[in-house]
Amino acid sequence: PFDSILHRFAAIQSIPGPLFIFVLAVLSALVTLGDLLRWPMMLGFFISDWVLLALLPAAGRSFGPPRPPVIILAVLRSVFAWLPFPYFIGIQLLGTALIVYGFWIEPMRIRVSRQSLVSSRLNPGTVIRMLHIGDLHVERFTRREAQLLTLIDELKPDLILFSGDVLNLSYLRDSTTLADARRVLSEWHAPSGVFAVTGSPAVDLEELLPKIYSGLNIRLLRNETVTVHANGNRIDLIGIDCSHKPSVDAPQLERLSQAANGNLSILLYHSPDLAPNAAQREIDLHLAGHTHGGQVRLPFIGPLYTASLYGRKFQSGRYSIEKTTLYITRGIGLEGGAAPRVRFLCPPEIILWEIKSPNT
């Protein structure tokens, strides 16, 4: 349903500029009841939002259509249209500041989340530094992608795992986007290897996977289990294609987990929706993404929307489900289509895991 809404909402971008200004003028007149003071002021805020979003591509920040999110922002601003002065002005200016932060600043600041996991399955006195990356959603090579490469170089992980979604939905067949994505992926190196799985079928298109991964130092796992050697330890890495249909993907997990031989087991699967199944199979660690943490999180409320079949139960971060640890990354990039290229209280992240034996 969310994907369908985005596709229909994208039609707003095709409205000609003069007609779009007329639409904003009518909306501002309706919400202010034609008040001769509030009407032009509200229209001015609507147009300023449009300018701020339209400048994002020129600034190399993000590359989504500006008009659909402007309508969303206009509706949000309209809620406060009849606050008394000077609160009306103050709230609208605060809205502008939040737009600058959410669209221009937070999406470009990658955080390193540090997690630890103690496992008796590792050799005594050993530590594995593992980096989890998810949801690149590359549009163009921006300062965010450059920052990612710098962080990988600084962290020097033993192992890199990628949980899928390389390209942005709006740029699946764009040659520049493909080249920029391969530029990012080609810089990923780790002593114990770099492994990836497919993301959402609508994003990681089957026809594009060879073009994305061919010739790179990344092993794409397609419903298979591999044994990874890291610092003298053996890890059973289970990589499953994501169909977003647990009835299809859970049997793959059951089949592949039967091949586990007592080593530390890690499930790499794009969505958190197999976490209950992973717990039934006593998988040690499930690394997922897909939800983006909601991209917009409100204080005390959390995300407005997550794309998990379990709703808000699995949002982002760390969860314990029986003997299984689940971690859902907020990812690097942004939702495509007509979705706003925004993050608020939900910055992009990569996760550095220290997996160690007891008493290390």
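Residues numbered from 1 in each chain as written. Predicted model: local features only at pLDDT ≥ 70, side-chain atom pairs only at ≥ 80, totals over all residues. Heavy atoms only, no water.

Asker: Mind showing me how you'd approach the pairing of strand β14 (residues 349-356) here?
Answerer: For a regular strand, the rule is simple: side chains alternate between the two faces of the sheet. Of all eight residues in β14, six are buried, a share of seventy percent or more. With eight bridges joining them, strand β1 (residues 111-118) and β14 adopt parallel strand pairing. Bridge pairing in β14 links Arg 111 to Glu 349. (Buried < 20%, exposed > 50% of the residue type's maximum accessible area, 1.4 Å probe, protein only. Helix = DSSP H or I, 4+ residues; strand = E, 2+ residues; numbered from the N terminus. Pairing = 2+ DSSP bridges.)

Asker: Looking at this structure, I do not really get the sheet that holds strand β6 (residues 224-230). What am I missing?
Answerer: Strand pairing in a sheet takes place through backbone hydrogen bonds and is either antiparallel or parallel in direction. Read from one edge to the other, the open sheet built from six strands follows the order β6-β7-β8-β9-β13-β12, with strand pairing classed as mixed. Each edge of the sheet is formed by a strand with only one pairing partner; in this case those strands are β6 and β12 (317-321). Neighbouring strand axes in the sheet, compared pairwise and without regard to direction, differ in orientation by 25° on average. Note that β12 and strand β13 (residues 324-328) share five bridges and pair antiparallel. Paired with Gly 317 across the two strands is Ile 328, which belongs to β13. Where helix α9 (residues 246-257) meets the sheet, it contacts β6, β7 (233-239) and β8 (264-268), and its direction lies at approximately 155° from that of β7. (Axes fitted to C-alpha atoms, helices over the stretch in contact; angles between N-to-C directions. Contact = heavy atoms within 4.5 Å.)

Asker: I would appreciate a short explanation of a nonpolar patch on the surface in the present structure.
Answerer: Together, Leu 19, Phe 22, Val 23, Val 26 and Leu 30 line one region of the surface with nonpolar side chains, adding up to about 440 Å² of accessible area. Inspection of the secondary structure puts Leu 30 in helix α2 (residues 17-32). On the accessibility criterion, Leu 30 (58% relative accessible area) is exposed. (Patch = residues over 30% accessible without salt bridge, like charges linked within 9 Å, V, L, I, M, F, W, Y side chains within 5 Å. Areas by Shrake-Rupley, 256 points an atom, 1.4 Å probe, with all protein chains shown as cover. Salt bridge = Lys/Arg side-chain N within 4 Å of Asp/Glu carboxyl O.)

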